[in-house]
Amino acid sequence: MKRMTISVKSGLMRAAAAAIASLLWVSSASAESDVDPKAIWERRCDQCHGDAAEFAHKRLWNIDGQLHGSRHAGDMHRFLGNHHLRVHEIESVIQLLLASSNSTARFDAECGSCHGSASEFVEKSLWVRRDSISGLGTGSDVAEFLLTHQDLSPEDASFFFDLLLHVGNAR
Ligand code: HEC
Ligand code: HEC
């Protein structure tokens, strides 16, 4: 009886030691990947999202230094914490994605002289909902209006529409 208790105990000890060893192994492995967000991306994100820069360019926005998803309102840190990333990896992957995401720079360059910064313009003049925008004073549909404004091509009009949508939903 006594011997059995002992052997159960030492079995448990061995299992505990093995668990600790594997935890140590996992944490040193992730400390390594920490250094290089590109390696994290290749191992754990690439299979679903493809190239990081292309993904960021197609879907993500840098608004005042914060990363925003294409239709993803809410906190990107929290989203990524529930999405294949460990807490200590999130910031470096965010920086990687920010580097290739869209920004409001084009608005500043092409619209800023008349409208000020994108956030100012959105705040003062537009009513931005999830998928649509209207002029606060004019009530006009901004998606349609942009096609008639400043000789914008349909492609540019849709780029600026998306930009305003993101700025509006980021606040
Ligand atoms: C198994 C497939 C899969 C893997 C692996 C994966 N993702 Fe995703 N990811 C998705 C899907 C599907 C969505 C869109 C659904 C959603 O928004 O919840 C998404 C959404 C996102 C978004 C928001 C995009 C947007 O437009 O709002 C980001 C950012 C993102 N993933 C980053 C990552 C990162 C970083 C990794 C690796 C650590 C990763 N994903 C790994 C499937 C995956
Ligand atoms: C030369 C000055 C000028 C530039 C540059 C300019 N706009 Fe405008 N924008 C205006 C004026 C003036 C109006 C008022 C409506 C009109 O055109 O009669 C306006 C109206 C708008 C409206 C509608 C606001 C409402 O209340 O309905 C949007 C949206 C808009 N501009 C977006 C842009 C974007 C995006 C760019 C850059 C591609 C841009 N504008 C560049 C002068 C400018």
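What you see is a predicted model, and the numbers here were worked out from it, not measured in a lab.

The rules we used
- Residues numbered from 1 in each chain as written.
- Chains lettered and ligands numbered in written order.
- Predicted model: local features only at pLDDT ≥ 70, side-chain atom pairs only at ≥ 80, totals over all residues.
- Axes fitted to C-alpha atoms, helices over the stretch in contact; angles between N-to-C directions.
- Helix = DSSP H or I, 4+ residues; strand = E, 2+ residues; numbered from the N terminus.
- Parallel < 35°, antiparallel > 145°, perpendicular 65-115°, else oblique.
- Contact = placed C-beta atoms within 7 Å.
- Nonpolar A, V, L, I, M, F, W, Y, C, P; charged D, E, K, R; others polar.
- Core = buried A, V, L, I, M, F, W, Y, C linked by C-beta atoms within 7 Å.
- Buried ≥ 20, exposed ≤ 12 C-beta atoms within 10 Å, placed from the backbone.
- Domains from an automatic or database assignment.
- Near = placed C-beta within 6 Å.
- Arc of directions from axis to C-beta.

### Some words on the packing of helix 2 (residues 37-44) against helix 6 (residues 87-100)
Look at helix 2 against helix 6: their axes get within 9 Å of each other, and the N-to-C directions meet at 95°. Taken together, the axes of helix 2 and helix 6 are roughly perpendicular relative to one another. Of the residues in helix 6, those in contact with P37, K38, I40 and W41 of helix 2 are E89, S92, V93, Q95 and L96. By residue class, the composition of the contact of helix 2 with helix 6 is 5 nonpolar, 2 polar and 2 charged.

### A few points about the nonpolar core
In terms of nonpolar packing, the biggest core is built from 27 residues, with W41, V93, L97, A118, L163, L164 and V167 touching the most fellow members. At the level of secondary structure, the elements contributing two or more residues to this core comprise helix 2, helix 4 (52-59), strand 1 (61-63), helix 6, helix 9 (118-125), helix 10 (142-146) and helix 11 (154-170). A total of 5 residues in this core trace back to one element, the largest contributor, which is helix 11. Both domains that furnish three or more residues to this core are identified here as domain 1 (35-103) and domain 2 (104-170).

### A look at the site of ligand 2
Close to ligand 2 lie 17 residues; C111, C114, G135, T138 and F160 are nearest. Elements that contribute at least two residues to the shell around ligand 2 include exactly helix 8 (112-115) and helix 10. Broken down by class, the residue content of the shell around ligand 2 amounts to 7 nonpolar, 9 polar and 1 charged.

### Describing helix 6
Residues of helix 6 that are buried: V93, L96 and L97. Taken end-on, helix 6 shows its buried residues confined to a sector of 90°, consistent with a single buried face. Turned more than 90 degrees away from the buried face of helix 6, the exposed residues are V87, H88, Q95 and A99. Buried residues in helix 6 make contact with helix 2, helix 4, strand 2 (66-68) and helix 5 (76-81).

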